[in-house]
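# Secondary and tertiary structure notes
Below, each chain spelled out in residue letters.
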Amino acid sequence: MTIRKAVIPAAGLGTRFLPATKSTPKEMLPVVDKPAIQYVVEEAVRAGLDDVLMITGRSKRTLADHFDAVPELESALEAKGDTERLDRVRESTALADVHFVRQGEPKGLGHAVLCARRHVGDEPFAVLLGDDLIDERDELLTQMLEVQRATGGSVVALLEVDPEQVHLYGCAAVQPADGVAGTGEADVVRITGLVEKPDPADAPSNLAIIGRYVLHPAVFDVLEETPPGRGGEIQLTDALATLAGTPAEQGGGVYGVVFRGRRYDTGDRLDYLKAVVRIAVDRPDLGPDLRAWLTEYVPTLR
């Protein structure tokens, strides 16, 4: 089955970025000159996912506005002959078929995914978290889709982290896939267990789950029965741990793709600033001047 649907949870309050997020959704904070959420939608579209559902909450109307047409602005730019900016404004409108549903209550990532059940139906789908931006030069989601098609199970993205940092993530216990994935990739593993934000001493590995998933629809039934876990929220990690021990004929089996490319974390203030700089220095229109300035400025900090 060709996977076409992507789910992007975007109902968080963005408290780490207050007061900027008091009236502006954190997903709309600019990364250079595009909101963070647009990078995520663009990634989904590059992987062939052109049906996007955003799980939102109150005060998130600007997300819908961003992916909608703005006739007044477009007319003004057209009248000025500013075709470059006009094309950039229209780009987000034409990216994908974008839908929205409200989560209602902040009950965790697992509950947010469960809110997508009616839209997704009985087919595999991808989940992309807006805090993780994957560099467009590095493939991840495409490989995850291939692994899902080969195995029929669910797939998560994994990243090797400092063992002292595993308490910030969900953590995976893994074993070699032994060709089960059928992709020939050494970085594809089978997941035997998952723990949400473990103490470093109890972590089964240093492989952390980052914000990309390709899920079998069986996850919905599991989430319906998953009680609140860490933080009193319904954890997607707990549901995936259940699926890891479920027979394949029932939609079970969880695999991991170990990502070794460029990832930008926009969920933390300092990492957000680093992401803006790293993305900007690679831009052909901004990079040369920004690198020259950084070369002059950085030595003054010593």
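Further up the page is the structure itself.
Residues numbered from 1 in each chain as written. Predicted model: local features only at pLDDT ≥ 70, side-chain atom pairs only at ≥ 80, totals over all residues. Heavy atoms only, no water.

### Thoughts on the environment of Arg90
Counted only if it meets this: In this description a helix means any DSSP run of H or I spanning at least four residues, a strand means any run of E spanning at least two, and both kinds are numbered starting from the N terminus. Two residues qualify as a contact provided that any one of their heavy atoms is within 4.5 Å of a heavy atom in the partner residue.
Position of Arg90 relative to the elements: it lies in helix 4 (residues 83-94). As for Arg90 and Glu74, which are separated by 16 residues in sequence, their C-alpha atoms are 7.9 Å apart. Setting aside chain neighbours within four positions, we find Arg90 in contact with Glu74 and Glu78.

### Concerning the packing of helix 3 (residues 71-80) against helix 4
Geometrically, a packed helix pair is captured by the angle between its two axes and the distance between the axes. This is how it is decided: A fitted line through C-alpha atoms represents every axis, and for helices the fit uses only the stretch in contact; the resulting angles, taken between N-to-C directions, go from 0 to 180 degrees. Convention used here: angles under 35 degrees read as roughly parallel, angles over 145 as roughly antiparallel, angles from 65 to 115 as roughly perpendicular, and any remaining angle as oblique. The handedness criterion is simple: a crossing whose near helix is rotated anticlockwise from the far helix by less than a right angle is left-handed, and one whose near helix is rotated clockwise is right-handed. Note that Gly is not counted as nonpolar here; it falls among the polar residues with everything else outside the nonpolar set of Ala, Val, Leu, Ile, Met, Phe, Trp, Tyr, Cys and Pro and the charged set of Asp, Glu, Lys and Arg.
Running from amino to carboxyl end, helix 3 crosses helix 4 at an angle of 160°, the nearest separation of the two axes being 8 Å. With respect to helix 4, the element helix 3 is oriented roughly antiparallel. Considering the relative orientation of helix 3 and helix 4, their crossing is left-handed. Each of Leu73, Glu74, Leu77 and Glu78 in helix 3 lies in contact with helix 4, whose residues at this interface are Arg85, Leu86, Val89 and Arg90. When grouped by side-chain class, the residues that make up the contact of helix 3 with helix 4 number four nonpolar, no polar and four charged.

### Comments concerning the pattern of salt bridges
Put simply, the rule reads: Salt-bridge detection follows one rule: a side-chain nitrogen of Lys or Arg within 4 Å of a carboxyl oxygen of Asp or Glu. Residue burial is assigned from relative accessible area. The probe radius is 1.4 Å, only protein chains are included, and a residue is buried under 20% of its type maximum, exposed over 50%, and partly exposed in between.
Applying the stated criterion to the full structure yields 21 salt bridges. The salt bridge partner of Lys60 is Glu27, with a shortest N-O separation of 2.8 Å. With Lys60 in the loop between strand 4 (51-56) and helix 2 (61-66) and Glu27 in the loop between strand 1 (5-9) and strand 2 (30-31), this pair connects stretches of sequence that are 33 residues apart. Like Lys60, the residue Glu27 is buried in the burial classification. In this structure, Arg88 engages Asp33 in a salt bridge whose closest nitrogen and oxygen atoms are separated by 2.9 Å. Residue Arg88 is located in helix 4, and its partner Asp33 is located in the loop between strand 2 and strand 3 (34-35); the two are separated by 55 residues in the primary sequence. Asp33 gets classed as partly exposed once you look at its relative accessible area, which sits at 37%. Overlapping salt bridges bring together Asp33, Arg88, Arg283 and Asp285 as one network.

### A look at empty space enclosed by the protein
Put simply, the rule is: Only protein atoms enter the calculation, which uses a 1 Å grid: trapped sets of points that fit a 1.4 Å probe without letting it out are cavities, open sets showing protein on both sides within 12 Å along at least five of seven lines are pockets, and any residue with an atom within 4 Å of a point is a lining residue. Grid points are joined across faces, edges and corners, and a volume is the space filled by probe spheres set on the points.
The full count for this structure, using the stated rule, is one cavity of 30 Å³ or more. One number sums up the size of the largest cavity: a volume of about 80 Å³. Residue lining of the largest cavity: Lys26, Glu27, Leu29, Ala36, Ile37, Gly130, Asp131, Thr266 and Tyr272, and that is the complete set.

### Observations regarding the packing of aromatic side chains
Going by this rule: Stacked, tilted and edge-to-face are the three classes applied to pairs of Phe, Tyr and Trp rings, where Trp contributes its six-membered ring and a pair requires centres within 6.5 Å; stacked means planes under 30 degrees apart, edge-to-face means over 60, and tilted covers the rest. Two thresholds decide whether a charge sits over a ring: the Lys NZ or Arg CZ must be within 6 Å of the ring centre and within 35 degrees of the ring normal.
Under the defined criterion, the tally for this structure stands at three aromatic pairs. Here Trp293 and Tyr297 contribute two aromatic rings whose centre-to-centre distance is 4.8 Å and whose plane-to-plane angle is 10°, an arrangement assigned as stacked. Taken together, the positions of Trp293 and Tyr297, both in helix 11 (residues 287-297) and four residues apart, correspond to about one turn of that helix. Judged by relative accessible area, Tyr297 falls into the partly exposed class, the value being 38%. Sitting over the ring of Tyr39, Lys34 keeps its end group 4.5 Å from the ring centre.

Spatial relationships are all this shows, so hold off on functional conclusions.
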